[in-house]
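Each chain is listed here by its residues.
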Amino acid sequence: WNDVIGQAEDIRWELYRLIYGVWDHIKNQPHKYINEKGEEAEMSHGAENYDLVWVGNMPGTRESRRLMGNYVLTADDILANCRHDDAVAYGGWPMDEHVAGGFDAKGINPSIVRNVDGLYTIPYGCFCSKTISNLMMAGRNISASKLAMGSTRVMATCAIGGEAAGTAAALAVKHGVSPKEYGEQYMDELQQTLMTDDCWLPGLRRRISDICQNAALSANCEQVENLRNGHDRPTDENGDNGCYLPLGEIAEYTLAKPTYVESVRLVFDSDLDRATITGGIESVKDCPTICNRSADMTPFEFPTTMTDTFEILVDGEVLHRITGNRQRLVTLPIGKTADRIALRPIKTTGTAGTAHVFSFDFQ
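Residues numbered from 1 in each chain as written. Predicted model: local features only at pLDDT ≥ 70, side-chain atom pairs only at ≥ 80, totals over all residues. Heavy atoms only, no water.

Turning to the pattern of salt bridges, a few remarks are in order. Applying the stated criterion across every chain, the model contains 19 salt bridges. A salt bridge links Glu9 to Arg12; its shortest N-O distance comes to 2.8 Å. Taken together, the residues Glu9 and Arg12, both in helix H1 (residues 8–28) and 3 residues apart, mark about one turn of the helix. Classification of Arg12 as buried rests on a relative accessible area of 18%. Arg207 is the partner of Asp188 in a salt bridge, and the nearest nitrogen-oxygen pair spans 2.7 Å. One end of the pair, Asp188, is in helix H6 (residues 187–196); the other, Arg207, is in the loop between H6 and helix H7 (210–213), with 19 residues separating them in the sequence. Look at Asp188 and you get partly exposed, because its relative accessible area is 41%. Relative accessible area serves as the criterion here: at 48%, Arg207 is assigned to the partly exposed category. Ionic contacts of the salt-bridge type, sharing partners, join the residues Arg206, Asp232, Arg265 and Asp361 into one network. (Salt bridge = Lys/Arg side-chain N within 4 Å of Asp/Glu carboxyl O. Helix = DSSP H or I, 4+ residues; strand = E, 2+ residues; numbered from the N terminus. Buried < 20%, exposed > 50% of the residue type's maximum accessible area, 1.4 Å probe, protein only.)

Our focus in this paragraph is H1. Its 21 residues place the ends of H1 30 Å apart at the C-alpha level, agreeing with the 30 Å of an ideal helix rising 1.5 Å per residue. Within H1, burial applies to Ile11, Arg12, Tyr16 and Trp23. For H1, the angular spread of buried residues about the axis comes to 145°, placing them on one side. (Expected span 1.5 Å × (residues − 1). Arc of directions from axis to C-beta.)

This paragraph deals with a nonpolar patch on the surface. Taken together, the side chains of Leu15, Ile19, Tyr20 and Leu52 define a hydrophobic patch exposed on the protein surface, amounting to about 330 Å² of accessible area. Considering the arrangement of structural elements, one finds Leu15 in helix H1. (Patch = residues over 30% accessible without salt bridge, like charges linked within 9 Å, V, L, I, M, F, W, Y side chains within 5 Å. Areas by Shrake-Rupley, 256 points an atom, 1.4 Å probe, with all protein chains shown as cover.)

This brings us to the nonpolar core. It is characteristic of soluble globular proteins that their nonpolar side chains tend to be buried jointly. Core analysis: the largest hydrophobic core is formed by 34 residues, its most contacted members being Leu73, Val88, Ile122, Tyr124, Phe127, Tyr182 and Leu190. Every element with two or more residues in this core is listed here: helix H2 (75–79), strand E3 (87–91), strand E6 (120–123), helix H3 (146–152), helix H4 (155–175) and H6. Here this core takes 6 residues from H4, the largest share from any one element. Setting aside anything within four residues of it in sequence, one finds Tyr124 in contact with Asp86, Val88, Met136, Ala168, Pro179, Tyr182, Gly183, Met187 and Leu190. Cys212, Cys221, Leu227 and Cys243 belong to the second largest nonpolar core, which has 30 residues in total. (Core = buried A, V, L, I, M, F, W, Y, C linked by side-chain atoms within 4.5 Å. Contact = heavy atoms within 4.5 Å.)

Within the structure shown, the criterion is met by 7 aromatic pairs. Relative to Phe362, the ring of Tyr253 has its centre 5.0 Å away and its plane inclined at 80°; by these criteria the two rings are edge-to-face. Of this pair, Tyr253 sits in strand E9 (residues 251–268) while Phe362 sits in strand E13 (residues 354–362), placing them 109 residues apart in sequence. One exposure class covers both Tyr253 and Phe362, and it is buried. When the ring centre of Trp13 is taken as origin, the NZ or CZ atom of Arg12, which lies over that ring, is 4.9 Å away. Above the face of the Phe302 ring, Arg326 is positioned so that its terminal group lies 5.0 Å from the ring centre. (Phe/Tyr/Trp six-rings, centres within 6.5 Å; stacked < 30°, edge-to-face > 60°. Lys NZ or Arg CZ within 6 Å of the ring centre and 35° of its normal.)

Turning to the state of the cysteines, a few remarks are in order. Scanning all chains against the criterion turns up 1 disulfide. The disulfide partner of Cys221 is Cys243, and the gap between their sulfur atoms is 2.2 Å. Of this pair, Cys221 sits in the loop between strand E7 (216–218) and strand E8 (243–246) while Cys243 sits in strand E8, and the two are 22 residues apart along the sequence. Here Cys221 falls in the buried class, since its relative accessible area comes to 9%. (Disulfide = S-S within 2.5 Å.)

Attention now moves to the pairing of strand E1 (residues 31–34). Consecutive residues of a regular strand have side chains that alternate between opposite faces of the sheet. In the sheet, E1 pairs with strand E2 (residues 40–43) via 4 bridges, with the strands oriented antiparallel. The residue bridging Ile34 from the neighbouring strand is Glu40, located in E2. (Pairing = 2+ DSSP bridges.)

Attention now goes to the side chain of Thr157. Of note, Thr157 is situated in helix H4. A relative accessible area of 8% places Thr157 in the buried class.

Before going further, it helps to examine H6. Those residues of H6 not exposed but buried are Met187, Leu190, Gln191, Gln192, Leu194 and Met195. Elements in contact with the buried residues of H6: E3, H4, helix H5 (179–185) and E9. Of the residues trailing H6, Asp198 is marked for its positive phi of about 75°.

The next point concerns the side chain of Thr121. As for its position among the elements, Thr121 is in strand E6. The exposure class assigned to Thr121 is buried, which follows from its relative accessible area of 1%. A polar contact is formed between the side chain of Thr121 and the backbone nitrogen of His84, at a distance of 2.9 Å. Contact partners of Thr121, with chain neighbours within four places excluded, come to Leu73, Cys82, Arg83, His84, Ala87, Ala89, Tyr90 and Pro202. (Polar contact = N/O pair within 3.5 Å; in protein donor to acceptor, adjacent residues only side chain to side chain.)

Given below as structure tokens:
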């Protein structure tokens, strides 16, 4: 097939033929093999009484058009785990290379997997067109080589790139500049905005406001300074990055002098490793968002690490009490002059006596 866009409907019908042909072989054709006597024998697949109950109607296009950007991500970038100065997204999926012949390819491996040892970043230049001043791209059309696209094409990586492109486009409009000009003039603003919105960028640190950095911070937790270290999740470079706060006790900032505080920002533990999620079946424990599941599968439970109930105190008085929280990132307004800002975790979704908090800072 030469045109996966113009010939999309023809390809869809060809895929149907392939699917039902393979299913016919699995269900109806015995498997021939040579037994221990050197004789040809037949063995059932065990699928004689199975039904094919569902086939998708929309083919998932792996790749088609790719646009030329100010930077072309390559396999070398990925294999070297490159950390670009203008990083706005990241990936880590292996580069699985599919050959052009696909199902009909003869005598060669139809798929070659090139594993990636670690994470790589995707620079802003991959999302900006090199020739069209007001065009940005995100998803499976970003500026990347064929091999690199084998890694960047997956949905999670595309989603991160989509957030970066969307945020950059909005901020470029705000400043009245083109996407390329925005990247050249305001890269720090873009990276800090993404990280403030809880988009992690490997190797970079979210900046904490001066009034928060200069305040005295106390809590019954040895890792209390992790609450304002600018890293909102565990990393290989910085370890856990969290603070275990005893339930019912407070972590409190005391400001050098009464200061107007606009808002407070919190990041709780949503169990990104999915270690505490129960339910489902063991083989898909690390993937609770699967779409294909049996009717009798036990539902996945919510992770037990989330801070369910907490209070924000200003000068000793409760300003916010949040119950039933299911959000990892929580930003709450303060809007007043204060001497002290405190967080009191009260309950988690599990049974632990402490709340695992990655960030508690304010501006």
